[in-house]
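Residue strings, one per chain:
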Amino acid sequence: MSADRQQATRLRAATAGVLAMLGGLAAGHLVAGLIAPEASPALAVGSRLIDLAPTPVKDWAVATFGTADKPILVTGVVLVTLGIGAATGLVAVRRRGLIWAMPAVLAVLGGVAATSAASASTVSTTLGALPSVVAGIVSGTVLGWLLPHAPLVPSAPGQPDGAPRAMPRRAFLVGTGVVGGSSAVAVVTGQWFADRARIATDVVLPKASPALRALPAGLDVSGLSPWVTPASDFYRVDINLLVPGVDVGTWRLDIDGLVERPFSLSWDELTALPVIERDITLNCVSNEVGGPYIGGARWLGVRTRDLLERAGVRPEADQVLSRSVDGFTVSTPVQALLDDRDALVAIGINGRPLPAEHGFPARLITPGLYGYVGATKWLTRMTLTTYTQQAAYWTARGWAERGPVKPSSRIDVPRHLSQLSAGTVTVAGTAWAQQIGVARVQVRVDEGEWQDATIGPDAGIDYWRQWRFSWPATPGQHTLESRLIDDRGTPQSEQVAPPFPDGASGLHRVTVTIN
Ligand SMILES: Nc1nc2c(c(=O)[nH]1)N[C@H]1C(S)=C(S)[C@@H](COP(=O)(O)O)O[C@H]1N2
Ligand SMILES: [Mo]
């Protein structure tokens, strides 16, 4: 066989393998769209990888890709699968007996991933393997159809009977087009069904009583974070590749475990209870010093204390293990949900229902604690238990059991490495010390004396404050740092710590060049 012909055989074999995997993934996505969108093979494997990723890898992904980490992960899973497809084609062209081996392995992997991911829905724990099984069948069928017989001999008159015949070039190209085209249609259709399954979030919210006074306007400095973060700009951190769609008609909140009187509430029952409004700043423990995973909003909700008192917490309970509709768990100290900080089962943000990405229809919001120990989205259950008995999703992965937010401040303007003209430069940012309160913010230039900044309005100890500082900037390279002094007179810690395991600390430092 000529080298050319060998080359052509290999190219066709690899192409057939890639198309086989593509067709399989697409068929799986279509079936998943109809029954359980998160069970789509590539999404299921991606979710499982998130669960299994060692904490340093997860940290690195968040730090490197930010909120693009999810699309990048799914794209990676798809590309690796297609690569495996190419390899399968190259091997199976010599040993056709192996045509079904790789599709079968992938069907099993996808099926196991879909039924076991922490973010699997109830549907996907029973039917979750189906999309992957379909994917395997389609992929093996396509491979058997398109894979050339080796050696690749052109169909020619006078060829002895029984010799393996190659699919004519034209037929192969048509086959390629058919598989590619149907895959595209299957992906689009599957996605259409998945999107249609999203649930409406336009519920009517009850009024808070007493109503909270409107906040004064915050500082208005170009580039400074708004004092109230719009829900559409609020940072999003969760393990979900697909946002859970929750139907308020069937949603329930259960309070159980170590309580005298377990009970369960429907949406109508929850929203008939007294609701209050609170201005609360939420932070992610994965946030680096100066990082973006923080936001402040006015939350509407029912006090967790009211719910826990109604259930009657037994004295031995020290933890509330709250659960999301997808099985994700958060552990919060009972004390934090009972004391007067007014932790909430929140149903509204800035006067509107929660957006699907932020936990519709209800989520936990615990002032003073990082999100992974106090802000369960798509909340459906709160179980009173003990720390010795049960651990939650992130605490089981080594993050600190209790996660009080570390007081910190951030410089929003000028941006790091910006070039500015000499003269008065406005330095501005935010500062937070939940459960204590921010008294002052200070700035220092080139590690000189700390100087007081002007601080913005105050909305209580659990809400961040803005600040600004007029800096007479002189030519050269300069470093700017900020720190807060809390209401007890304690300055923000200068101790440098990474996010793992209980939150980052240190001073935010920005370098600028003045011309
Ligand atoms: N169901 C669920 N709730 C969750 C998470 C999650 O992965 N799943 N992540 C938590 C983390 S780590 C944080 S920081 C906050 C982020 O809330 P946000 O996305 O509304 O800003 O949600 C918390 N609640
Ligand atoms: Mo977080």
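Thresholds applied
Residues numbered from 1 in each chain as written. Chains lettered and ligands numbered in written order. Predicted model: local features only at pLDDT ≥ 70, side-chain atom pairs only at ≥ 80, totals over all residues. Heavy atoms only, no water. Helix = DSSP H or I, 4+ residues; strand = E, 2+ residues; numbered from the N terminus. Buried < 20%, exposed > 50% of the residue type's maximum accessible area, 1.4 Å probe, protein only. Contact = heavy atoms within 4.5 Å. Areas by Shrake-Rupley, 256 points an atom, 1.4 Å probe, with all protein chains shown as cover. 1 Å grid on protein atoms, 1.4 Å probe; cavity = no way out; pocket = protein on both sides within 12 Å on 5 of 7 lines; lining within 4 Å. Points joined across faces, edges and corners; volume = space filled by probe spheres on them. Nonpolar A, V, L, I, M, F, W, Y, C, P; charged D, E, K, R; others polar. Domains from an automatic or database assignment. Near = heavy atom within 4 Å. Polar contact = N/O pair within 3.5 Å; in protein donor to acceptor, adjacent residues only side chain to side chain. Pairing = 2+ DSSP bridges. Core = buried A, V, L, I, M, F, W, Y, C linked by side-chain atoms within 4.5 Å. Buried area = accessible area lost by both parts, 1.4 Å probe. Salt bridge = Lys/Arg side-chain N within 4 Å of Asp/Glu carboxyl O. Arc of directions from axis to C-beta. Axes fitted to C-alpha atoms, helices over the stretch in contact; angles between N-to-C directions.

K.L.:
Got a minute to help me understand the overall build of the protein chain in this structure?
P.N.:
Summing up its helical and strand segments, the protein chain has 11 helices and 19 strands in all. Across its three principal axes, the protein chain shows a C-alpha extent of roughly 95 × 70 × 40 Å. Split into buried and exposed, the 515 residues of the protein chain put 52% on the buried side. Long-range pairs, those at least 24 residues apart, make up 76% of the contacts in the protein chain between residues at least 6 apart in sequence. Carbon and sulfur atoms provide 58% of the accessible area of the protein chain, an area that totals close to 22800 Å².

K.L.:
Explain empty space enclosed by the protein here, please?
P.N.:
Counted by the stated rule, this structure contains two cavities of 30 Å³ or more. Each pocket or cavity is described by its volume, and for the largest cavity that value is around 120 Å³. Forming the boundary of the largest cavity are 13 residues, of which Asn-287, Tyr-370, Ser-408, Trp-432 and Ala-504 lie nearest the centre. Residues of the lining of the largest cavity, tallied by class, amount to six nonpolar, five polar and two charged. When residues of the lining of the largest cavity are assigned to domains, at least three fall in each of domain 2 (231–397) and domain 3 (408–514).

K.L.:
Got a minute to help me understand the site of ligand 1 in this structure?
P.N.:
Near ligand 1, the surroundings consist of 19 residues, among which Tyr-235, Ile-239, His-358, Arg-363 and Lys-377 are the closest. Taking Ala-375, its main chain carries an N or O atom lying 3.0 Å from a nitrogen atom of ligand 1. Computed on the free molecule, ligand 1 has an accessible area of 540 Å², of which 99% lies beneath the protein chains in the complex. Taken together, the residues that form the shell around ligand 1 break down as 10 nonpolar, five polar and four charged.

K.L.:
What is the right way to read the sheet that holds strand E16 (residues 454–455) from this model?
P.N.:
Sheets are built from strands that pair by backbone hydrogen bonding, the pairs being arranged parallel or antiparallel. One open sheet holds the four strands; their spatial order is E11-E13-E17-E16, and the pairing between them is antiparallel. Since the sheet does not close on itself, it has two edges, and those belong to strand E11 (408–413) and E16, each with one partner. Of the strand pairs in this sheet, strand E13 (residues 423–432) and strand E17 (residues 465–473) are connected by nine bridges, and their pairing is antiparallel. The residue bridging Gly-429 from the neighbouring strand is Trp-467, located in E17.

K.L.:
I keep staring at the nonpolar core and nothing clicks. Help me out?
P.N.:
Taken as a class, soluble globular proteins show a tendency for nonpolar side chains to be buried jointly. Leu-253, Ile-255, Trp-299, Val-345, Met-382 and Leu-384 are the most contacted members of the largest nonpolar core, which has 53 residues in total. With five residues, the top contributor of residues to this core is strand E7 (residues 344–349). Setting aside anything within four residues of it in sequence, one finds Ile-255 in contact with Pro-262, Phe-263, Leu-307, Leu-308, Ala-311, Met-382 and Leu-384. Counting 24 residues, the second largest nonpolar core, distinct from the first, contains Phe-328, Val-330, Tyr-370 and Val-405.

K.L.:
Please explain the domain arrangement of the protein chain as it appears in this structure.
P.N.:
Size of an interface, as often reported, equals the accessible area lost when the parts are brought together. Domain boundaries assigned for the protein chain yield domain 1 (3–196), domain 2 (231–397) and domain 3 (408–514). Each of domain 2 and domain 3 has a C-alpha centre, and these two points are 30 Å apart. Taken together, the contact between domain 2 and domain 3 spans 23 residues of the former and 18 residues of the latter. Interface area, domain 2 with domain 3, both sides summed: about 1600 Å², of which 56% is carbon and sulfur. Put simply, domain 2 and domain 3 have one salt bridge between them. Our enumeration of links across domain 2 and domain 3 arrives at seven residue pairs in polar contact (both at pLDDT 80 or more). Where the side of domain 2 that touches domain 3 is concerned, the elements lending two or more residues are strand E3 (276–283) and strand E4 (294–303). Along the lines of polarity and charge, the residues of the side of domain 2 that touches domain 3 split into nine nonpolar, nine polar and five charged.

K.L.:
Got a minute to help me understand helix H3 (residues 55–65) in this structure?
P.N.:
Note on helix geometry: an α-helix contains 3.6 residues per turn, so any two residues three or four positions apart are oriented the same way. Buried within H3 are the following residues: Thr-55, Lys-58, Asp-59, Ala-61 and Val-62. For H3, the angular spread of buried residues about the axis comes to 160°, placing them on one side. Pointing more than 90 degrees away from the buried face of H3 are the exposed residues Pro-56, Trp-60 and Ala-63. Looking at the buried residues of H3, the elements they touch are helix H4 (69–92).

K.L.:
In this structure, what is going on with the pattern of salt bridges? I would like to understand it.
P.N.:
If the charged atoms of two oppositely charged side chains come close together, the side chains can form a pair. Per the stated rule, a full pass over the model turns up 21 salt bridges. Across the salt bridge formed by Arg-278 and Asp-342, the nearest N and O atoms sit 3.8 Å from each other. Here Asp-342 lies in the loop between helix H11 (334–338) and E7 and Arg-278 lies in strand E3, a separation of 64 residues in the sequence. Like Asp-342, Arg-278 is buried. A salt bridge links Arg-410 to Asp-412; its shortest N-O distance comes to 2.8 Å. Pair check on accessibility: Arg-410 and Asp-412 agree, each one buried. Taken together, the salt bridges that share partners define one network made up of Arg-278, Arg-303, Arg-305, Asp-342 and Asp-462.

K.L.:
I keep staring at the sheet that holds strand E1 (residues 252–257) and nothing clicks. Help me out?
P.N.:
Overall, mixed pairing links the five strands, which are arranged E2-E1-E10-E5-E6 in an open sheet. Edge positions in the sheet fall to strand E2 (263–266) and strand E6 (329–333), since each of these pairs with one other strand and no more. Direction aside, the axes of adjacent strands within the sheet are offset by 15° on average. The strands touched by helix H10 (residues 304–311) are E1, E2, strand E5 (319–324) and strand E10 (379–385); relative to E2, the strand with the most contacts, the crossing angle is about 140°.

K.L.:
Please clarify how the pairing of strand E18 (residues 476–486) should be interpreted in this entry.
P.N.:
Consecutive residues of a regular strand have side chains that alternate between opposite faces of the sheet. For E18, the tally of buried residues reaches nine of 11 residues, placing the bulk of the element in the interior. When strand E14 (residues 438–445) meets E18, the two strands line up antiparallel, connected through seven bridges. From the neighbouring strand, Gln-442 faces E18, where its bridge partner is Arg-483. Note: E18 against strand E19 (residues 509–514), six bridges, orientation antiparallel. The partner of Gly-476 across the bridge, within E19, is Ile-514.

K.L.:
What am I meant to see in the layout of surface pockets here?
P.N.:
One way to see where empty space is left: roll a probe the size of a water molecule over the atoms. Of the volumes computed, that of the largest pocket is approximately 820 Å³. The wall of the largest pocket is formed by 43 residues, among which Lys-58, Asp-69, Val-237, Asp-238 and Ile-239 lie closest to the centre. Among the secondary structure elements, those contributing two or more residues to the lining of the largest pocket are helix H2 (41–52), H3, H4 and E3. Counting residues per element, the lining of the largest pocket draws most heavily on H3, which supplies six residues. By residue class, the composition of the lining of the largest pocket is 26 nonpolar, nine polar and eight charged. Both domain 1 (3–196) and domain 2 (231–397) contribute no fewer than three residues apiece to the lining of the largest pocket.

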